[in-house]
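A closer look at the structure
Take a look at the letters that make up each chain.
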Amino acid sequence: MPAFITAMKRAATSFNPPTLPKDGTPLKFGIISTADISIQALILPARSHPGVEIYAIAGRSLENTERFAKKHGIKKVYGGKDAYQALVEDPEVDVVYIPLPNIMHYEWTMRSLNAGKHVLVEKPIAMRSEEARRVHELAEAKGLVLMEAMHIRFHPAVARLKEIIARGDIGAIKHISSTMFLPSLAGALYTDEKFALGKGCMMDVGCYAIEIIRLASSSDPIAVTTAEFDNDVHHVHNMDDNARGTLQLPNGVTADFASRISVPPKFGIIPKLNFGVEVVGDKGTAKLTEYMIPQVYHSIVVTDTAGKKTVHKAYTFSDGDGTRPVGEPWWSTYRHQLEAFVTKIKGNEPRTWMTKEDSITVMQVIEQVYEKPPDSDLSLDA
Ligand SMILES: NC(=O)C1=CN([C@@H]2O[C@H](COP(=O)(O)OP(=O)(O)OC[C@H]3O[C@@H](n4cnc5c(N)ncnc54)[C@H](OP(=O)(O)O)[C@@H]3O)[C@@H](O)[C@H]2O)C=CC1
Ligand SMILES: O=C1OC[C@@H](O)[C@H](O)[C@H]1O
């Protein structure tokens with residue numbers, strides 16, 4: 001079958017997945033808010049997870065939340081001023097998912113943990129690294145599972161990139177470049193109001209550009225060597241429209257990253273997006289494209305020093321002996337993330353995890369970028 005048709009089939013199933021029967025005692029999830037992302041990030045993935053029931057939802061408007069709940073088959077609805085707290089205190093709820101504006105993550109993670117719930121909180125985990133540390137300390141003290149929903153790390157494509165690098169196909173890593181560019185179509189959704197709630201470019205998507213460098217290098221940045229950002233459009237203090245910078249990693253490895261939320265369309269009409277990471281080694285390069293939506297399409301192109309290219313793709317994991325696929329090719333980053341999250345709550349070890357240290361490190365890098373003065377002349381080529 002032509003690759004384009006297979007990709008379209010994967011996309012169609014990913015965005016409208018089958019509903020599997022639930023096992024005897026699925027974990028009951030409650031969602032705080034009717035944020036759009038809860039559909040892609042949790043409600044659709046839960047359909048095909050036998051161990052998950054989306055049981056409750058809370059929103060500021062009862063009418064709006066009832067409409068949302070009806071559409072998505074959610075039994076229990078909380079609406080109005082005290083709705084979020086009522087959901088958090090619902091004894092039936094095992095897990096709280098928090099897709100609130102970034103400035104509300106810390107408060108609602110603390111409240112949920114204090115009510116004895118496991119928590120899946122949207123990225124970035126908080127506004128500051130100190131908050132990231134505190135929420136995790138509370139989760140540890142209470143023996144609860146807390147994870148930042150850094151979904152990109154869970155897909156097999158990222159695991160394959162790491163394997164290729166670890167087995168030495170490109171030699172020793174010298175430099176890594178990452179991009180996270182959204183088209184101006186998406187950029188239009190970033191209003192001044194959203195910026196004031198913590199949705200600057202670095203916070204919103206720059207975190208992915210940093211995280212993919214950490215994943216590809218299997219290491220943490222030692223320092224933010226240079227960083228520039230601008231806030232010409234929204235003029236919100238400590239929030240950016242574009243950012244780029246360079247990092248120092250262990251063993252002399254360097255990296256650069258760039259994130260943008262408003263890339264102008266090609267020829268004035270074709271929306272341009274670019275989610276990629278390129279790893280340069282002393283024996284070749286490896287480039288992963290489309291790390292945000294790898295279930296639709298991605299490629300890992302390895303080029304050796306003679307220019308010979310090999311293309312790899314990974315839509316599923318394999319079991320121990322490599323003969324049986326684990327997961328479905330249409331599983332999104334979010335579906336793999338949910339698999340890991342539930343595995344952890346059930347007391348088993350997931351393939352990968354977003355740890356306390358991972359979350360704190362990403363927040364520290366973002367903080368260091370925002371510590372630099374805004375640069376009004378910053379122009380980034382897409
Ligand atoms: N993983 C991913 O791919 C994506 C992740 N995200 C993350 O999800 C989170 C939410 O995204 P974001 O775009 O900020 O938010 P949205 O505007 O999508 O939704 C936030 C929800 O929060 C509730 N809310 C509570 N107080 C306020 C307030 N003062 N202003 C606006 N909404 C409020 C609203 O729900 P209600 O009225 O029902 O209570 C609203 O629907 C962010 O952390 C973001 O990083 C976002 C998009 C994609
Ligand atoms: O995580 C995200 O990815 C896609 C973006 O459109 C969105 O704003 C962001 O929160």
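Throughout, a residue's number is its position along its own chain's written sequence, starting from 1. Labels are handed out in written order, letters beginning with A for the chains and numbers beginning with 1 for the ligands. Given that the model is predicted, a residue must reach a pLDDT of at least 70 before its local features are reported, and side-chain atom pairs must reach 80 or more before they are shown or counted; all residues, however, enter totals for whole chains, interfaces and linings.

Thoughts on the overall build of the chain
Let me state the cut-off plainly: In DSSP terms, a helix is any run of H or I states spanning at least four residues, a strand is any run of E spanning at least two, and both are numbered starting from the N terminus. Based on C-alpha atoms, the radius of gyration is set beside the globule rule, defined as 2.2 Å times the residue count to the power 0.38. Exposed residues have 12 or fewer other C-beta atoms within 10 Å of their own C-beta, buried residues have 20 or more, and partly exposed residues fall in between, where C-beta atoms are placed from the backbone.
Of regular secondary structure, the chain possesses 12 helices and 16 strands. Since a compact globule built from 382 residues should have a radius of gyration of about 21 Å, the 21 Å found for the chain is in line with a globular shape. Seen through its C-alpha atoms, the chain measures out along the principal axes to roughly 60 × 55 × 45 Å. A burial count over the chain gives 46% of its 382 residues as buried.

Description of the sheet that holds strand S3 (residues 76–79)
Put simply, the test is: A pair of strands is treated as paired once DSSP finds two or more bridges between them. Axis lines are fitted through C-alpha atoms, for helices just across the contact stretch, and the angle between N-to-C directions can take any value from 0 to 180 degrees.
Ordered by their spatial adjacency, 6 strands build an open sheet running S3-S2-S1-S4-S5-S6, and the pairing between neighbours is parallel. Of all strands in the sheet, those bounded by a partner on one side alone are S3 and strand S6 (146–149). Strand after strand, the sheet turns through a mean of 20 degrees between neighbouring axes, direction not considered. Pairing analysis gives 4 bridges linking strand S2 (residues 52–59) to S3, with the strands arranged parallel. Opposite alanine 56, over in S3, you have lysine 76 as the bridge partner.

A short note on the confidence of the model for the chain
Cut-off, in case you're wondering: Known as pLDDT, the predictor's confidence for each residue is given on a scale from 0 to 100.
When pLDDT is averaged along the chain, the result is 93, and 96% of the positions lie at 70 or above. On the interface metric, ipTM, the complex scores 0.99, and its pTM is 0.96.

Overview of the site of ligand 2
Quick reminder of the rule: We call a residue near a molecule or strand when the C-beta position, derived from backbone atoms, sits within 6 Å of it. For this classification, the nonpolar set comprises Ala, Val, Leu, Ile, Met, Phe, Trp, Tyr, Cys and Pro, the charged set comprises Asp, Glu, Lys and Arg, and every other residue, Gly included, is treated as polar.
In the vicinity of ligand 2, the contacting residues are Leu182, Ala186, Asp204 and Val205. Counted by class, the shell around ligand 2 contains 3 nonpolar, no polar and 1 charged residues.

Remarks on the packing of helix H10 (residues 201–217) against helix H12 (residues 356–370)
As a reminder of what qualifies: Any angle that falls under 35 degrees is termed roughly parallel, while one over 145 is termed roughly antiparallel, one within 65 to 115 roughly perpendicular, and all others oblique. Less than a right angle of anticlockwise turn of the near helix away from the far helix marks a crossing as left-handed, whereas a clockwise turn marks it as right-handed. We call two residues in contact whenever the C-beta atoms placed from their backbones are within 7 Å.
Look at H10 against H12: their axes get within 10 Å of each other, and the N-to-C directions meet at 120 degrees. With respect to their mutual orientation, H10 and H12 come out oblique. When the axes of H10 and H12 are compared, the crossing they make is right-handed. The residues of H12 that touch H10, namely those facing Met202, Met203, Gly206, Cys207, Ile210, Glu211 and Arg214, are Thr361, Val362, Val365, Ile366, Val369 and Tyr370. For the contact of H10 with H12, the per-class residue count stands at 9 nonpolar, 2 polar and 2 charged.

Some remarks on H10
Rules: Expected helix span is computed as 1.5 Å times (number of residues minus one). The reported bend at a residue is simply the angle between two axes, fitted to the 7 residues ending at it and to the 7 residues beginning with it.
For H10, which comprises 17 residues, the first-to-last C-alpha distance of 23 Å matches the rise-based estimate of 24 Å (1.5 Å per residue) to within 8%. Bending of H10 peaks at approximately 35 degrees at the position of cysteine 207. In terms of burial, H10 is largely enclosed, as 17 of its 17 residues are buried. Of the residues flanking the end of H10, it is serine 218, one or two places downstream, whose phi is positive at about 50 degrees.

Quick look at the packing of helix H5 (residues 105–114) against helix H6 (residues 129–142)
Running from amino to carboxyl end, H5 crosses H6 at an angle of 5 degrees, the nearest separation of the two axes being 10 Å. Considered as vectors, H5 and H6 are oriented roughly parallel to each other. Contacts between H5 and H6 pair Tyr106, Thr109, Met110 and Leu113 from the former with Glu131, Val135, Leu138, Ala139 and Lys142 from the latter. Considering only residue class, the contact of H5 with H6 consists of 6 nonpolar, 1 polar and 2 charged.

Side note on the sheet that holds strand S9 (residues 242–248)
Two strands in a sheet stick together by hydrogen bonds in their backbones, pointing the same way (parallel) or opposite ways (antiparallel). Pairing is mixed in the open sheet, where 8 strands are placed in the order S8-S9-S10-S7-S11-S12-S13-S14. Sheet topology places strand S8 (223–230) and strand S14 (309–312) at the edges, where each strand pairs with a single neighbour. Across the sheet, the mean angle from the axis of one strand to that of its neighbour is 10 degrees, orientation sign disregarded. Relative to S9, S8 runs antiparallel, the two being bridged by 7 bridges. When the bridges of S9 are listed, threonine 226 appears paired with threonine 246. Packed on one face of the sheet, H10 meets strand S7 (173–183), S8, S9, strand S10 (254–263) and strand S11 (274–281) and runs near 150 degrees to S10. Those strands touched by H12 are S8 and S9, and its axis lies near 55 degrees from that of S8.

A short note on the environment of valine 121
Position of valine 121 relative to the elements: it lies in strand S5 (residues 118–122). In this structure valine 121 comes out as buried when scored by C-beta crowding, with 27 C-beta atoms within 10 Å. Along the sequence, valine 121 and leucine 100 sit 21 residues apart, while their C-alpha atoms lie 8.4 Å from each other. Setting aside chain neighbours within four positions, we find valine 121 in contact with Ile98, His105, Thr109, Glu148 and Ala149.

Some words on unusual backbone geometry
Between lysine 123 and proline 124 the backbone carries a cis peptide bond, its omega angle lying at -10 degrees. Tracing the sequence through the fold places proline 124 in the loop between S5 and H6. Phi at serine 33 takes a positive value of approximately 100 degrees, unusual for a residue other than glycine. Within the fold, serine 33 resides in the loop between strand S1 (27–32) and helix H2 (37–47). Overall, the presence of 24 C-beta atoms within 10 Å leaves serine 33 in the buried class. With a phi angle near 50 degrees, serine 218 is a residue other than glycine that sits in the positive phi range.

Comments concerning the pairing of S14
Bridge analysis of strand S13 (residues 300–304) against S14 gives 4 bridges, and the strand direction is antiparallel. Its bridge partner lying in S14, valine 302 is registered against threonine 310.

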